[in-house]
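Survey of secondary and tertiary structure
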Amino acid sequence: MERTAGRKLYVVTQTTEAAAVQQPPKPTRGRVHRAWFVAAVTFVTIIGAAAFRSVPGLLIDPLHAEFDWSRGTIGAAVSVNLALYGLTAPFAAALMDRFGIRRVVAVALTVIAAGSWLTVWMTAAWQLMLCWGLLVGLGSGSMALAFAATVTNRWFTERRGLVSGILTAASASGQLIFLPLLSWIIDRYDWRPAAVTVALAALAVVPFVWLLLHDHPADVGQKPYGAAEFVPKPPPVPGAARRAVTVLLSAVRTGPFWLLAGTFAICGASTNGLIQTHFIPAAHDQHMPVQAAASLLAVIGVFDVVGTIASGWFTDRFEPRRLLAVYYALRGVSLMFLPLLLGPAVHPPMVFFIVFYGLDWVATVPPTLALCREQYGEDSAIVFGWVLASHQVGAALVAFLGGVARDTFGTYDVVWYASGALCAAAALMALVIRRRPLLTTAA
């Protein structure tokens, strides 16, 4: 009888403890919701990972000068990096459902650091492909915007547009911090110390992730921010790769997926692939000092923060399709004028372009995320990962083709004009995305 009673007491105790984990504590007035602390840690994490995104445009001329590699060859390594950055994202989102956000992000940062560190000893182009293309591409793909989408979806039910805008702006903030620093290091010393700086920046964030980044509100006994009811933590989802592919196969049967993927591919082509990779060498072609060009790119990062947060605020209040159309149309117009503005000195029209382009840089992310949530519900983070993959494929193509165009024509003009035309097409595509969710309707 005593053993039975003890066994019952043990079961009741275990049940009570489990229930306590799944029940939120009584709310304390005046306290900041834990979701905002998680968002802050995520912001800092993305800033640390953003160091690597500041490097490719700075490396093209030094690597060309030291190893005599063509710009097309270097652009090919950058394109591998950008493509893997996108293609890894949906699998990373599924892995976060299986193993938790903290573990996936900590491993990703370590891989980024390893890839950047190993470039110091490279002597052949295939090693650039391996280190910067493969390793940094895989690591950064796990730190892609699907990470921000997962955090936003789990921790927030209100202010999602604003939070996604803030987290998206983190990448630009990292660019703002690291671009001037890395360009100064390369100009004063060499490109190798810059690569080591990137590795150390990624490693420095790992302790913050491991100690402070909680996977789910239920882990700390809280509701998601703005939720009416407590949300229990879902069990780990096995088969991460299978789930990512299954979600893709379901999404490709819907029209909105192709429109979102197509517009986001053009977004990547006209930002990461074009401006981030080729703006500095294009400005240098016009005899602008490298540090001046890098500073202009950093200023884009300043206004990107403002524009992306504002876009998140707009997305909570206005129709996201129309916002996308406006963003792409304005971006296309600005690119058409860029060949007329590049020169040896920084003049007011160029500053106006930098401010204007910065405000529009990744303002497309919050409305694209909102449309993914509208159309695909609980699978939206993984679907957004695949949409982001198209973004990076577009970026990879232009990173490579831009270098080939420069080798072939001796100028980047044709790339600017072609990208402007693509942005006009993206504006039209955004307007025809249907409003109603289409989870099972064939395209």
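Residues numbered from 1 in each chain as written. Predicted model: local features only at pLDDT ≥ 70, side-chain atom pairs only at ≥ 80, totals over all residues. Heavy atoms only, no water.

The criterion, for reference: UniProt positions are given in the numbering used here, feature names are shortened, and annotations may be inferred rather than shown by experiment.
An unreviewed UniProt entry lists the chain under the name MFS transporter, from Streptomyces indiaensis. Regarding the chain, the relevant UniProt record gives this comment under Subcellular location (unreviewed entry): "Cell membrane".

**Some remarks on the overall build of the chain**
What counts here: Helix and strand assignments come from DSSP, with helices taken as H or I runs of at least 4 residues and strands as E runs of at least 2, each series counted from the N terminus. Working definition: with a 1.4 Å probe on protein chains only, accessible area under 20% of the residue-type maximum means buried, over 50% means exposed, and in between means partly exposed. Between two residues, a contact is recorded if the distance between any of their heavy atoms is within 4.5 Å. Note on areas: Shrake-Rupley, 1.4 Å probe, and residue coverage restricted to the protein chains presented here.
Along the chain, the regular secondary structure elements total 18 helices and zero strands. Residue burial in the chain is summarised as follows: out of 443 residues, 53% are buried. Put simply, 84% of the contacts in the chain that link residues at least 6 apart link residues at least 24 apart. Counting every atom, the chain has about 19000 Å² of accessible surface; 68% of that belongs to carbon and sulfur.

**Notes on the pattern of salt bridges**
Using the following cut-off: Basic side-chain nitrogens of Lys or Arg form a salt bridge, by our definition, when they fall within 4 Å of a carboxyl oxygen of Asp or Glu.
Inspection of the entire model under this criterion finds six salt bridges. A salt bridge links R192 to D190, with the nearest nitrogen and oxygen atoms 3.0 Å apart. With a relative accessible area of 22%, R192 lands in the partly exposed category. R331 serves as the salt-bridge partner of D360, at 3.7 Å between the closest nitrogen and oxygen. Residue D360 is found in helix 15 (residues 348-360), and its partner R331 is found in helix 14 (residues 320-341); the two are separated by 29 residues along the sequence. Both residues of the pair, D360 and R331, count as buried. Connected through salt bridges with shared partners, the residues E66, D190 and R192 form a single ionic network.

**So, the side chain of D360**
For D360, a relative accessible area of 6% translates into the label buried. Among all residues touching D360, those that are not within four sequence positions of it are Y327, L330 and R331.

**A word on the nonpolar core**
Across soluble globular proteins, nonpolar side chains show a tendency to be buried alongside one another. Quick note on the threshold: Buried Ala, Val, Leu, Ile, Met, Phe, Trp, Tyr and Cys residues that are joined via side-chain atoms within 4.5 Å together make up what is termed a nonpolar core.
Within the largest apolar cluster, 86 residues are counted, with the highest numbers of intra-cluster contacts made by L63, F257, I275, F279, M350 and W416. No other element matches the 10 residues that helix 17 (residues 380-409) contributes to this core. Excluding residues that lie within four positions of it along the chain, L63 makes contacts with D68, W69, I74, M122, L128 and W191. Ranked by size, the runner-up nonpolar core spans 30 residues in total, among them V38, V41, F147 and V205.

**Comments concerning the layout of surface pockets**
The criterion, for reference: The definitions used throughout rest on a 1 Å grid laid over the protein atoms alone, on which a cavity is an enclosed set of points accommodating a 1.4 Å probe that cannot get out and a pocket is an open set flanked by protein within 12 Å on both sides along at least five of seven lines; lining residues are those having an atom within 4 Å of a point. Grid points are joined across faces, edges and corners, and a volume is the space filled by probe spheres set on the points. Note that Gly is not counted as nonpolar here; it falls among the polar residues with everything else outside the nonpolar set of Ala, Val, Leu, Ile, Met, Phe, Trp, Tyr, Cys and Pro and the charged set of Asp, Glu, Lys and Arg.
Here the largest pocket is characterised by a volume of approximately 710 Å³. In this structure, the largest pocket is lined by 30 residues; those nearest its centre are D97, R154, H216, P234 and E378. Residue contributions to the lining of the largest pocket peak at five residues, all from helix 4 (residues 71-99). Of the residues belonging to the lining of the largest pocket, the class tally is 14 nonpolar, seven polar and nine charged.

**Topic: the confidence of the model for the chain**
As a reminder, the rule being used: Residue-level confidence of the predictor, termed pLDDT, takes values from 0 up to 100.
In this model, the chain carries an average pLDDT of 79, and 86% of its residues clear a pLDDT of 70 or more. Counting interchain partners and residues more than four positions distant, the pLDDT-below-50 stretch residues 1-23 has eight contacts.

**Topic: unusual backbone geometry**
You will see that D68, though not glycine, has its phi angle at about 60°, which is positive. Locating D68 in the fold gives a position in the loop between helix 3 (56-67) and helix 4. We note that H287 has phi near 70°; this positive angle belongs to a residue other than glycine. Relative to the helices and strands, H287 is located in the loop between helix 12 (272-285) and helix 13 (290-315).

**Let's talk about a nonpolar patch on the surface**
Put simply, the rule reads: Patch membership needs two things, relative accessible area over 30% and no salt bridge, and members are linked within 9 Å if like-charged or within 5 Å if nonpolar (Val, Leu, Ile, Met, Phe, Trp, Tyr).
Taken together, the side chains of L87, V393, L397, F400 and L401 define a hydrophobic patch exposed on the protein surface, amounting to about 420 Å² of accessible area. Within the secondary structure, L401 sits in helix 17.

**Regarding the environment of F314**
Tracing the sequence through the fold places F314 in helix 13. Here the alpha-carbon distance between F314 and A363, two residues 49 residues apart in the chain, equals 10.0 Å. Apart from the residues lying within four places of it in its own chain, the contact partners of F314 are L323 and Y327.

**Points about the side chain of S390**
With respect to the element layout, S390 can be found in helix 17. Ignoring anything within four residues of it in the chain, the contact list for S390 reads A261, F264 and A265.

**Overview of the packing of helix 11 (residues 255-270) against helix 14**
Counted only if it meets this: Convention adopted: a line fitted to C-alpha atoms gives each axis, helices being fitted over their contacting stretch, and angles between N-to-C directions are expressed from 0 to 180 degrees. Each crossing gets its handedness from the near helix: less than a right angle anticlockwise from the far helix is left-handed, clockwise is right-handed.
Taken N-terminus to C-terminus, the directions of helix 11 and helix 14 make an angle of 30°; their axes are 12 Å apart at the nearest point. Helix 11 and helix 14 meet at a crossing whose hand is left-handed. Counted together, T263, F264, C267 and S270 of helix 11 and Y328, R331 and L335 of helix 14 form the full contact between these two elements. Residues that form the contact of helix 11 with helix 14 fall into these classes: four nonpolar, two polar and one charged.

**Examining helix 12**
Each α-helix turn comprises 3.6 residues. Residues three or four places apart therefore point the same way. Selection rule: Each residue after the first adds 1.5 Å to the expected span of a helix. Throughout, the bend at a residue refers to the angle made by two axes, fitted to the seven residues ending there and to the seven starting there.
Along its 14 residues, helix 12 runs 19 Å from first to last C-alpha, staying within 8% of the 20 Å computed at 1.5 Å per residue. F279 marks the point of greatest bend in helix 12, at about 50°, and the proline P281 comes within the next four residues. The element helix 12 is extensively covered by neighbouring structure, given that 12 of its 14 residues are classed as buried. Burial in helix 12 covers these residues: N272, G273, L274, I275, Q276, T277, H278, F279, I280, P281, A282 and A283. Once helix 12 ends, the next one or two residues include H287, with phi positive near 70°.

**Topic: the packing of aromatic side chains**
Our working definition: For Phe, Tyr and Trp, where Trp contributes only its six-membered ring, two rings pair if their centres lie within 6.5 Å, and the inter-plane angle classes them as stacked under 30 degrees, edge-to-face over 60, or tilted in between. To sit over a ring, a charge needs its Lys NZ or Arg CZ within 6 Å of the ring centre and within 35 degrees of the ring normal.
Following the criterion strictly, the structure yields 13 aromatic pairs and no others. Measuring from centroid to centroid gives 5.8 Å for F156 and Y225, while their planes differ by 55°, and the two rings are tilted. One end of the pair, F156, is in the loop between helix 7 (145-155) and helix 8 (160-188); the other, Y225, is in the loop between helix 9 (191-212) and helix 10 (240-251), with 69 residues separating them in the sequence. Judged by centre distance (5.8 Å) and plane angle (55°), the ring pair of F264 and F384 falls under tilted. Remark: F384 occurs in helix 17 and F264 occurs in helix 11; sequence separation between them is 120 residues. For F384, a relative accessible area of 0% gives the class buried. Across the ring face of W210, the terminal group of R102 is positioned such that the distance to the ring centre comes to 5.0 Å.

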